[in-house]
Structure formats: C-alpha cells, structure tokens
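One letter stands for each residue in the lines below.
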Amino acid sequence: MLLMEETAVPNAALPLAEFKAHLRLGTGFADDDIQDPVLEGFLRAALAAIEGRTGKVLIERDFSWVLHDWQEATGQPLPVAPVAAILSLTLRDRADEEELIDPALYRLERDAHRPVLRPAGHMLPMVPTGGVAEIVFRAGYGAGWGDLPADLGQAVLLLAAHYYEHRFETALGEGCMPFGVASLIERYRKVRILGGGAR
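Everything in this summary refers to the structure shown in the same document. These numbers come from a predicted model, not from an experiment.

A closer look at the nonpolar core
Here is step 1 of the chain: Core analysis: the largest hydrophobic core is formed by 28 residues, its most contacted members being Phe-19, Leu-43, Ile-50 and Val-156.
Here is step 2 of the chain: Of all elements in the fold, only helix H1 (16–23), helix H2 (36–54), helix H3 (150–165) and helix H4 (179–185) reach the threshold of two or more residues within this core.
Here is step 3 of the chain: It is H3 that provides the largest number of residues to this core, a total of eight residues.
Here is step 4 of the chain: With sequence-adjacent residues up to four places away left out, Ile-50 is seen in contact with Leu-58, Leu-152, Ala-155, Val-156, Leu-159, Val-181 and Ile-185.
Here is step 5 of the chain: The next biggest cluster of nonpolar side chains, apart from the first, holds 21 residues, and it includes Leu-67, Trp-70, Ile-86 and Leu-91.

Given below as structure tokens:
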C-alpha cells in the first residue's frame, strides 16, 4: 500500500495569526513577519503529527492510494478520514495499462472514523493479477482552519507551541506528545479492528 498527498496544505490555511497570539508574540513591529516561515514549519509539523496519531486529515487535500488487492471485494476501508469524495478509481495491470472505472460502479460510504469505498452492485471491480488499484480521493474537515473541530485546532496550537518552546531540545523522547495534546486527540484516534488493512 502506498498513500501519497497529491496536494499540500496551502500557507493561507495555516492559523499563523492564531499561533502568534497563542505564543503571545509581540505585534505592531516592522519585522513582525520575520519568524513566519519558522512558525509555519512548526504548525505543519504539529498538523502532521496529529494526523499521524489520529488517522484524520485536518485541512482538506487530495490523496492517491495504491493497493495490490481489496481487503474485501464488498467494500474497501480507506486509510484516513473524513473523506469528502472519491475522485477516481483506476485499475492498472502488470504491463501498466490503465482502466479508469466508471464512477457509477462505486460509491463512498461516509464515516467519521472508517469511510469505505463500496461497489454500486455486489463487488468492487477485480484488481488484475500482479496489478494495482489506485484510488484518488479528497479528505479533510474543510479547506480552512475554521472548519476544524475546536479541540483538534487547539491540539495543533498546543503541539506547535511545544515544538516552538523546545526547538533547541535534542533529548526529548521519541514520539513525545504532551499530555494536554494527547487528551484532546484521544477521541479521534482510529480504533483498529482485527489489525485490518489491505494487502
């Protein structure tokens, strides 16, 4: 399986002003924006960490997911949530010949934690032997910062501030997540059932 971001979070969607206010940085100076690239980096790192821990996409963007077979032909759970739309489904054989599947043959079953690609009929189209299926989809709570649930937004600011305050620290344990952040994101964490995942 290979999950790739096809589009990135635009700088305009990052809560830079809110982050500066959270850090209580001074404003009204000629060089107010000198730290902006550094602060944006901490915000992106916090977004990535929280998305990785929860399996939720915070700011809307497009992804492509390549897999070698369906977990179940009656429905393939998608790797992240929430998913707004399936943009395309393509089958590719071992000779790299592609077949774009008609959108009328599949549908998105929306779910806050486990969205599923479902067939319109009984079965998803068969993945060619030695080939792959590629699903392109749009995921995220929305295009702007204001579309996030408030607790997830707060978690991003807290974690970005933690990174900022400890930016010179090299002795933090691997996977360090402050308690306040961990408690805010706990209810969004994906529950893994039977260790499931497509092959």
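Structural notes on H2
A turn of α-helix holds 3.6 residues, and therefore any two residues three or four places apart point the same way.
Here is step 1 of the chain: Over its 19 residues, H2 extends 27 Å from the first C-alpha to the last, a length consistent with the 27 Å expected when each residue adds 1.5 Å.
Here is step 2 of the chain: Those residues of H2 that sit buried are Asp-36, Leu-39, Glu-40, Phe-42, Leu-43, Ala-46, Leu-47, Ile-50, Glu-51 and Thr-54. The arc that holds every buried residue of H2, seen down its axis, measures 165°, which confines them to one face. In this structure, H2 carries Pro-37 and Gly-52 as exposed residues pointing more than 90 degrees from its buried face.
Here is step 3 of the chain: Packed against the buried residues of H2 are H1, strand S2 (61–67), H3 and H4.

What counts as what
- Residues numbered from 1 in each chain as written.
- Predicted model: local features only at pLDDT ≥ 70, side-chain atom pairs only at ≥ 80, totals over all residues.
- Heavy atoms only, no water.
- Core = buried A, V, L, I, M, F, W, Y, C linked by side-chain atoms within 4.5 Å.
- Buried < 20%, exposed > 50% of the residue type's maximum accessible area, 1.4 Å probe, protein only.
- Helix = DSSP H or I, 4+ residues; strand = E, 2+ residues; numbered from the N terminus.
- Contact = heavy atoms within 4.5 Å.
- Expected span 1.5 Å × (residues − 1).
- Arc of directions from axis to C-beta.

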